[in-house]
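The chain contents come next:
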Amino acid sequence: MRAAAALALLLAGCGAPTAGPTVLLISWDTTRADALGAYAAEAHWGLELDPNLRPQPRTPHADKLAARGVRFAWALAHAPTTLNSHTSVFSGLDPHQHGVPRNGFPVEQRVPLLTERFAAAGWATVATVGASVLSADQGLARGFQAYDDQITTRVRKRFERPADQVVDRLLQQIDAVPAAQPVFAFAHFFDAHSPYDGAPPDLQALIGVEGYTGPVTGTSENADWLVVSARAGTLSVDDRRQARALYLAEVAAMDRALGRLLAGLERRGRAKDSLVVLFGDHGETLDELPARAYGHGLDVHLVNLHVPLILAGQGSLACGPAGAVIEDTVSLSELAPAVAGCAGLPSVGAGRDLRAAWGAGLPPAVHFAEATKGGKAPPPGRWNNLRTARSATDGAHHWVVWPAEPRAALHLRAPGQPPVDTEEPAHALERALSAWDEAAPPYREEDLSADQAEALKALGYIEGR
Ligand SMILES: [Zn+2]
């Protein structure tokens, strides 16, 4: 009888649907690589601060993901702006190829997207975004069967929702999919964007500088004060520490939400065959560049471009050796071919397949980036960003050009991007960057609704206004 009962139980178990495979893309907006514990040893900011007083990242869930997956130590964004950068992730193309100069220029229909690959192969495709800058009318909803951009939280004219709410909504979307169906899901966390005052008090206390009794900087009420004071050179070391701590607390809040999301997948049986991809869309200048402090978009300093990128697959979606760290310079636009490839789908985009990093090795490539604010107007009819700061980066050097000034400099691709005075790599990178710019598309006219313009302006995203 006991054996029969066991067999009955086993058969009953066979009747329950096995959860389908799950690919989960998570973007952490405005997140520098060094804001994660897994990257902190490569920190390129705060180098001059006493290490004992430097606020430390608290990202245990992302760090665990890195430990069981592949971590790209030098992943770079093509542009320090949200829509532009996310379009590179979903299209596998750089900005000159996908034609989105900055926020408010919707992705054109001609650009194939990773999501469409999954939808065409029968996967359920669901997304929840955390800020209006990625609203469905901006073009990245294409291919998603469900794309939640309904953001009701409006703080100081910002349209955003905290990562916790994004997680709740995304899990509801996944629950609406038949259990056995494969799911491609995208979660966009916006919390780390300035002002840096959204983290729960316990996380702020965890990271905050012990003994600090000065004003709390970087809050909604005084975010502008922080920028103005940095430009005026009147920020104290304590102010700087506090702003960093608050920024890291926002990242810690996203990490806590990540933990909830991964636990949610686990409970639904969807972790067994899963590929989890975590990336930052661009970085953030804190106090490294006083004239451009506490923001992004104005320059291509590595603090604006260097982002976390982690791929952690398991079961039928295993993808890369556990715990591997890839030191090559790679581009966010090179993520799509690897994600499609890990899921057995046709590639998308024009970049290298990052899976070669743990196979035959990645062929050499130059990464290009351009700022999306500042600079001067382009020559008539030419690509919108041609006279903003721009850069070319290989495995060792970071070449930066400010065409409007004009000025150029060669740096090491290293923490703090120290300047170097070597002629040859500068010439090679200069030639590569010129060729990239020569092939840029023509000028693109802005086409914004009044509502979208207001929302972007509130986020500080509309240049020169
Ligand atoms: Zn962004």
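Only a predicted model underlies this, so the values are computations on that prediction, with no experimental measurement involved.

A.B. asks: Sorry, what's going on with the overall build of the chain here?
C.D. replies: Across its full length, the chain carries 13 helices and 15 strands. Buried positions account for 58% of the 465 residues belonging to the chain. Taking the intrachain contacts of the chain between residues at least 6 apart in sequence as the baseline, contacts between residues at least 24 apart amount to 73%. A total of about 17800 Å² of accessible surface is found on the chain, and carbon and sulfur atoms cover 55% of it.

A.B. asks: Just checking my understanding: could you explain helix α12 (residues 423-438) for this structure?
C.D. replies: Along an α-helix, residues three or four positions apart point the same way, because every turn accommodates 3.6 residues. Spanning 16 residues, α12 covers 23 Å between terminal C-alpha atoms, matching the ideal 22 Å at 1.5 Å per step. Listed in full, the buried residues belonging to α12 are P425, A426, L429, L433, W436 and D437. Seen from one end, α12 has its buried residues packed into an arc of 100°, which puts them on one side. Of the residues in α12, the exposed ones pointing more than 90 degrees away from the buried face are E423, R431 and E438.

A.B. asks: Can you help me understand the confidence of the model for the chain in this one?
C.D. replies: Predicted coordinates in areas of low pLDDT are best not read in detail. Confidence in the prediction of the chain, expressed as mean pLDDT, is 89, and 87% of residues score 70 or more. Ignoring residues within four places in sequence, the model shows residues 7-13, a span with pLDDT below 50, making 0 contacts including any to other chains.

A.B. asks: Please clarify how helix α2 (residues 60-68) should be interpreted in this entry.
C.D. replies: Listing the buried residues of α2 in full gives A62, L65 and A66. With its buried residues spanning 100° around the axis, α2 presents them on a single face. Of the residues in α2, the exposed ones pointing more than 90 degrees away from the buried face are K64 and A67. Looking at the packing, one finds that the buried side of α2 touches β1 (22-28), β2 (70-76), α9 (237-267), β8 (274-280) and β10 (309-314).

A.B. asks: What am I meant to see in the coordination of the zinc ion here?
C.D. replies: Ideal coordination angles are 109.5 degrees for a metal with four donors arranged tetrahedrally and 90 or 180 degrees for a metal with six donors arranged octahedrally. Bound to the zinc ion are the protein donor atoms D29 (OD), D29 (OD), T82 (OG1), D281 (OD) and H282 (NE2), situated 2.0 to 2.8 Å from the metal. Each donor residue of the zinc ion belongs to the same chain, with the gaps between them written as D-x52-T-x198-D-H. Here D29 is found in the loop between β1 and α2, whereas its partner H282 is found in the loop between β8 and α10 (302-305), with 253 residues between them in sequence. Note on H282: relative accessible area 0%, which makes it buried.

A.B. asks: Would you mind showing me how to read the sheet that holds strand β15 (residues 407-412) here?
C.D. replies: Sheet strands associate in pairs through backbone hydrogen bonding, adopting either a parallel or an antiparallel arrangement. The sheet built from 4 strands is open, its strands ordered β12-β13-β14-β15 with antiparallel pairing. Since the sheet does not close on itself, it has two edges, and those belong to β12 (367-370) and β15, each with one partner. Adjacent strand axes in the sheet meet at a mean angle of 15°, parallel and antiparallel pairs treated alike. Bridge count for strand β13 (residues 390-393) against strand β14 (residues 397-402) is 4 bridges, and the pairing is antiparallel. Within the sheet, the bridge partner assigned to S391 lies in β14 and is V400.

A.B. asks: Is there a simple way to think about the packing of aromatic side chains in this case?
C.D. replies: Under the definition given, this model contains 11 aromatic pairs. Ring plane angle 70° and centroid distance 5.5 Å describe the contact between Y196 and Y247, whose orientation is recorded as edge-to-face. Here Y247 lies in helix α9 and Y196 lies in the loop between β7 (183-189) and α7 (201-207), a separation of 51 residues in the sequence. Judged by relative accessible area, which is 1%, Y196 ranks as buried. For Y247, a relative accessible area of 0% puts it in the buried group. Sitting above the plane of the Y39 ring, R71 keeps its charged end 4.5 Å from the centroid. Positioned above the aromatic ring of W402 is the side chain of R407, whose terminal nitrogen or guanidinium carbon lies 4.0 Å from the ring centre.

A.B. asks: Explain the packing of helix α6 (residues 163-175) against α9 here, please?
C.D. replies: Relative orientation and spacing of two packed helices are given, respectively, by the angle between their axes and the distance between those axes. Relative to each other, α6 and α9 sit at 15°, their axes nearing to 9 Å. When the axis of α6 is compared with that of α9, the two are roughly parallel. You can see that α6 and α9 cross each other, and the crossing is right-handed. Here α6 contributes A163, D164, V167, D168, L170, L171 and I174 to the contact with α9, which in turn contributes M254, A257, R260, L261, G264 and L265.

A.B. asks: Is there a simple way to think about the environment of L226 in this case?
C.D. replies: Of note, L226 is situated in helix α8 (residues 223-232). Along the primary structure L226 and A293 are separated by 67 residues, whereas in three dimensions their C-alpha atoms are 8.4 Å apart.

A.B. asks: Sorry if this is basic, but what is going on with the state of the cysteines here?
C.D. replies: Here a disulfide denotes a covalent bond joining the sulfur atom of one cysteine to the sulfur atom of another. Evaluation of the coordinates by the stated rule reveals 1 disulfide. Disulfide pairing places C319 opposite C342 at an S-S distance of 1.7 Å. Residue C319 is located in the loop between β10 and β11 (324-331), and its partner C342 is located in helix α11 (residues 335-342); the two are separated by 23 residues in the primary sequence. Accessibility expressed as a relative area gives 12% for C342, which makes it buried.

A.B. asks: I would appreciate a short explanation of unusual backbone geometry in the present structure.
C.D. replies: Comment: phi is negative for the bulk of residues other than glycine, and the bulk of peptide bonds are trans. Across the junction of S194 and P195, the peptide omega takes the value -5°, indicating a cis bond. Structurally, P195 is set in the loop between β7 and α7. A cis amide bond links E405 to the next residue, P406, at an omega of -25°. Of note in the backbone geometry, Y294 takes a positive phi value of approximately 55° without being a glycine. Positive phi, close to 30°, is recorded for Q417, a residue that is not glycine. Mapped onto the secondary structure, Q417 falls in the loop between β15 and α12. Residue class for Q417 comes out buried when judged on its relative accessible area of 6%.

Calculation criteria
- Residues numbered from 1 in each chain as written.
- Predicted model: local features only at pLDDT ≥ 70, side-chain atom pairs only at ≥ 80, totals over all residues.
- Heavy atoms only, no water.
- Helix = DSSP H or I, 4+ residues; strand = E, 2+ residues; numbered from the N terminus.
- Buried < 20%, exposed > 50% of the residue type's maximum accessible area, 1.4 Å probe, protein only.
- Contact = heavy atoms within 4.5 Å.
- Areas by Shrake-Rupley, 256 points an atom, 1.4 Å probe, with all protein chains shown as cover.
- Expected span 1.5 Å × (residues − 1).
- Arc of directions from axis to C-beta.
- pLDDT = per-residue confidence, 0-100.
- Donors = N, O, S within 2.8 Å, 3.2 Å for Na, K, Ca; no water.
- Pairing = 2+ DSSP bridges.
- Axes fitted to C-alpha atoms, helices over the stretch in contact; angles between N-to-C directions.
- Phe/Tyr/Trp six-rings, centres within 6.5 Å; stacked < 30°, edge-to-face > 60°.
- Lys NZ or Arg CZ within 6 Å of the ring centre and 35° of its normal.
- Parallel < 35°, antiparallel > 145°, perpendicular 65-115°, else oblique.
- Left-handed = near helix turned anticlockwise from the far one by under 90°.
- Disulfide = S-S within 2.5 Å.

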